[in-house]
Amino acid sequence: MDREAFLRSLPARVHDERVQAAMAAVPRELFVWPELAAAAYEDAPLRIGLGQTISQPTLVAHMCELLELRPTDRVLDVGTGSGYHAAILSRLCARVWGIELERQLALRATQALRAAGIDNVTVLCGDGAAGLPEHAPYDAVNVAATAHGIVPAALEQQLALGGRLVAPVADDEGEQLVLVRRFEHGLERVRLESVRFVPLR
Ligand code: SAH
């Protein structure tokens, strides 16, 4: 599939118009290796090195829809990898902080975001399971690597009132997306569909 075909196919798969526009605005080829640029508009994950992958674009879109982002939101992106998911998030909110464990990927993501003309994302190198308390609370937290058993407590703690978090979580029943929302009386956690991500280390 080329970029034009990809964009034509979006409305059937992504319903939120703001998310559609964000997908249309970010060139995915900037976030993959040059030798994989021809595959940048396949609806599939692709290798980005160090055993990691850039997520499937429609899954990125779906997770953005689940986060119900508003233009004033401040967002934490855990497992920033190539920076593509952070780039889409950045078009839907005010500010994104990304955390990536692998220094090499964090640097490459920063360069790709700059090449895409995106200036409201900061990518830091570190353990995203601890979140980023210095900029908390977040209106939304996006996690792109699978936690075992539960969503890391630090990430839930850094959610603002009304904040949303989406994360893949694995247990005996398999690996599923979990949507968390903070209410005044506490947290609500809902299990959604099965997914496959690389592990949160
Ligand atoms: N959102 C990325 C997907 C990358 S795959 C994209 O759009 O390209 C998940 C990423 O999580 C990998 O790059 C991996 O290195 C990173 N990761 C795994 N465990 C982590 C941790 N504890 N803290 C931060 N990043 C982590």
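Source: prediction; values computed, not measured.

Draft legend 1. Up close: the pairing of strand β3 (residues 74-78). Of all five residues in β3, four are buried, a share of seventy percent or more. The parallel pair β3 and strand β4 (residues 95-100) is bridged by helix α4 (residues 84-90), and the resulting crossover is right-handed. Relative to strand β6 (residues 138-143), β3 runs parallel, the two sharing four bridges. Along β6, the bridge assignment pairs Asp-77 with Asn-142.

Draft legend 2. Main features of the layout of surface pockets. The calculated volume of the largest pocket comes to roughly 480 Å³. What lines the largest pocket is a set of 32 residues, and nearest its centre among them are Thr-53, Gly-79, Ala-144, Ala-145 and Val-198. Those elements giving two or more residues to the lining of the largest pocket turn out to be β2 (52-54), β3, α4 and β4. Tallying contributions element by element places β2 first for the lining of the largest pocket, with three residues. Here the residues of the lining of the largest pocket are counted per class, giving 16 nonpolar, 11 polar and five charged. What the second largest pocket holds in volume is close to 170 Å³. When contributions to the lining of the second largest pocket are tallied by element, the ones reaching two or more residues are β1 (46-49) and α5 (103-115).

Draft legend 3. Region of interest: the site of the ligand. Close to the ligand lie 24 residues, the nearest being Ser-82, Glu-100, Asp-127, Gly-128 and Arg-201. At a separation of 2.7 Å, a nitrogen atom of the ligand approaches a polar backbone atom of Gly-128. Across the complex, the protein chains shield 99% of the 580 Å² of accessible surface that the ligand would expose by itself. Under a 2 Å grid-point criterion requiring more than half of the atoms, the pocket assigned to the ligand is the largest pocket. Residue assignment for the shell around the ligand shows that the elements contributing at least two residues are β2, α4 and β4. Of the residues forming the shell around the ligand, the biggest block, three residues, is contributed by β2. Looking at side-chain class alone, the shell around the ligand contains 10 nonpolar, 10 polar and four charged residues.

Draft legend 4. The arrangement of the nonpolar core in detail. Of all hydrophobic cores here, the largest spans 47 residues; its most connected members are Met-23, Phe-31, Tyr-84, Ile-88 and Leu-177. Mapped onto this core, the elements with two or more residues apiece are α1 (3-13), α2 (17-25), β1, α3 (57-67), α4, α5, β5 (121-125) and β9 (174-183). Dropping the residues within four chain positions of it, Met-23 is found in contact with Phe-6, Leu-7, Leu-10, Pro-57, Ala-61, Tyr-84 and Ile-88. Of all hydrophobic cores here, the second largest spans 16 residues; its members include Val-143, Leu-155, Leu-159 and Val-178.

Draft legend 5. Just the pattern of salt bridges, in detail. Scanning all chains against the criterion turns up seven salt bridges. In this structure, the salt-bridge partner of Asp-73 is Arg-164, at a minimum N-O distance of 2.9 Å. Of the two residues, Asp-73 is situated in the loop between α3 and β3 and Arg-164 in strand β8 (residues 159-171); the sequence distance between them amounts to 91 residues. Note on accessibility: Asp-73 and Arg-164 belong to one class, buried. One salt bridge in this structure joins Arg-191 and Asp-171, with 2.5 Å as the shortest N-O distance. With Arg-191 in strand β10 (residues 186-194) and Asp-171 in strand β8, this pair connects stretches of sequence that are 20 residues apart. When its relative accessible area of 35% is taken as the criterion, Arg-191 is described as partly exposed. Via salt bridges that share partners, Arg-70, Asp-73 and Arg-164 belong to a single interconnected network.

Draft legend 6. Highlighting the packing of aromatic side chains. Scanning all chains against the criterion turns up three aromatic pairs. Geometrically, the ring pair formed by Phe-6 and Tyr-41 is tilted, given 5.4 Å between the ring centres and 55° between the ring planes. In this pair, Phe-6 sits in helix α1 while Tyr-41 sits in the loop between α2 and β1, placing the two residues 35 residues apart along the sequence. Grouping residues by exposure puts Phe-6 and Tyr-41 together as buried. Judged by centre distance (5.9 Å) and plane angle (65°), the rings of Phe-31 and Tyr-84 are edge-to-face. Placement of the pair is Phe-31 in the loop between α2 and β1 and Tyr-84 in helix α4, with a sequence separation of 53 residues. In this structure, Phe-31 and Tyr-84 share a single accessibility class: buried. Directly above the aromatic system of Tyr-84 lies the positively charged group of Arg-28, at a separation of 5.5 Å from the ring centroid.

Reading the values: the criteria
- All chains use their own residue numbering, which begins from 1 and follows the written sequence.
- Only residues with pLDDT of at least 70 are given local features in this predicted model, and only at 80 or more are side-chain atom pairs given and counted; all residues enter the totals for whole chains, interfaces and linings.
- Only hydrogens and water are set aside when side-chain values are computed; all heavy atoms of the structure are taken into account.
- Each residue gets one of three labels from its accessible area relative to the maximum for its type: buried under 20%, exposed over 50%, partly exposed in between, using a 1.4 Å probe on protein chains only.
- Secondary structure elements are taken from DSSP: a helix is a run of H or I of four residues or more, a strand is a run of E of two residues or more, and numbering for both begins at the N terminus.
- The handedness of a crossover follows from its direction of travel: if, with the strands pointing away from the viewer, the path from the first strand over the helix to the second runs clockwise, the crossover is right-handed.
- By the convention used here, strands pair only if DSSP detects at least 2 bridges between them.
- Only protein atoms enter the 1 Å grid used here. Points where a 1.4 Å probe fits but cannot escape make up a cavity, open sets with protein on both sides within 12 Å along at least five of seven lines make up a pocket, and a residue lines them when an atom lies within 4 Å of a point.
- Grid points are joined across faces, edges and corners, and a volume is the space filled by probe spheres set on the points.
- Residue polarity follows a fixed list, in which Ala, Val, Leu, Ile, Met, Phe, Trp, Tyr, Cys and Pro are nonpolar, Asp, Glu, Lys and Arg are charged, and the others, Gly among them, are polar.
- One heavy atom suffices: a residue is near a molecule or strand as soon as one of its heavy atoms comes within 4 Å of it.
- In the analysis that follows, any N or O atom pair within 3.5 Å is treated as a polar contact, provided that within protein one partner can donate a hydrogen and the other can accept it, and provided that, for residues neighboring in sequence, both atoms belong to side chains.
- Only the protein chains shown count as cover for residues, and all accessible areas are computed by the Shrake-Rupley method using a 1.4 Å probe.
- Just a note on the criterion: a molecule sits in a pocket or cavity if more than half of its atoms are within 2 Å of the grid points.
- Throughout, nonpolar core names a set of buried Ala, Val, Leu, Ile, Met, Phe, Trp, Tyr and Cys residues whose side chains join them through atoms within 4.5 Å.
- We call two residues contacting when some pair of their heavy atoms lies within 4.5 Å.
- Any carboxyl oxygen of Asp or Glu within 4 Å of a side-chain nitrogen of Lys or Arg constitutes a salt bridge here.
- Only Phe, Tyr and Trp rings take part, Trp by its six-membered ring, and two of them pair if their centres are within 6.5 Å. Stacked means planes under 30 degrees apart, edge-to-face means over 60, and tilted covers everything else.
- Lysine NZ or arginine CZ positioned within 6 Å of the ring centre and within 35 degrees of the ring normal marks a charge as sitting over the ring.

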